[in-house]
Amino acid sequence: LRETIQSAQTQAMKDRNEGKLSTLRLLWSQIKNTEIDKKRELSDEEVQGVVAYQVKQLKDSLKDFEAGGRDDLVAGVKTEIELLKVYLPEQLNEEDLKNIVQKVLSENNITEVKDLGPAMGMIMKEVKGRADGNMVREVANNILG
């Protein structure tokens, strides 16, 4: 995955695609910073974690921009999100996510919303980056509440 991102960055440079290049450079710097912190090269799964974090930050920014009426920034952020999603595993649809959440909750005898905190950790391990944490929490709340 690291090599794929680097080659996409090189291609964006050759194509003079400034928007794509800027997004990929930001991603690459985040990957390199994480590698420096960990003192080793990241695995594909860890790189996907960095990408997921970047997408989450962009989605948070998108909400703020939409709330503030900054339509000029909304389109750019949406483009960046779509560009980065290419490097993430395929996301679960809501039905599959519901099935996983129900399975984890029933296996661990969790029936009340107050027990959602520990359940979230178990559910997130099960979905392994294929679903956003906010979406998982919403589905779990609906099932329990």
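Summarised in this report is the structure supplied together with it. (Residues numbered from 1 in each chain as written. Predicted model: local features only at pLDDT ≥ 70, side-chain atom pairs only at ≥ 80, totals over all residues. Heavy atoms only, no water.)

1. Structural notes on the side chain of Gln9
Secondary-structure assignment places Gln9 in helix α1 (residues 2-15). Owing to a relative accessible area of 11%, Gln9 belongs among the buried residues under this scheme. Beyond its immediate sequence surroundings of up to four residues, Gln9 is in contact with Leu21, Leu24, Arg25 and Trp28. (Helix = DSSP H or I, 4+ residues; strand = E, 2+ residues; numbered from the N terminus. Buried < 20%, exposed > 50% of the residue type's maximum accessible area, 1.4 Å probe, protein only. Contact = heavy atoms within 4.5 Å.)

2. Let's talk about the packing of helix α2 (residues 18-38) against helix α4 (residues 71-85)
As a packed pair, α2 and α4 sit with axes 10 Å apart at the nearest point and diverge in direction by 60°. As summarised for this structure, α2 and α4 are arranged oblique, according to the angle between their axes. When the axes of α2 and α4 are compared, the crossing they make is right-handed. Within the contact between the two elements, α2 uses Lys20, Thr23, Leu24 and Leu27 and α4 uses Glu80, Leu83 and Leu84. (Axes fitted to C-alpha atoms, helices over the stretch in contact; angles between N-to-C directions. Parallel < 35°, antiparallel > 145°, perpendicular 65-115°, else oblique. Left-handed = near helix turned anticlockwise from the far one by under 90°.)

3. A short note on unusual backbone geometry
The residue Arg16 is not glycine, and still its phi comes out positive at about 55°. Looking at the secondary structure, you find Arg16 in the loop between α1 and α2. Taking relative accessible area as the criterion, Arg16 reaches 70% and is therefore assigned exposed.

4. Here's the deal with the environment of Asp60
When you line up the elements, Asp60 lands in helix α3 (residues 44-67). A sequence separation of 36 residues divides Asp60 from Leu24, and the C-alpha atoms of the two residues are 19 Å apart.

5. Looking at α3
Taking 1.5 Å as the rise per residue, α3 with 24 residues should run 34 Å; its terminal C-alpha atoms sit 35 Å apart, in good agreement. Looking at α3, one finds that the buried residues are Val47, Val50, Val51, Gln54, Val55, Leu58 and Leu62. Of the surrounding secondary structure, the elements contacted by the buried residues of α3 are α1, α2 and α4. Positive phi shows up at Gly69, right after α3, with a value of about 70°. (Expected span 1.5 Å × (residues − 1).)

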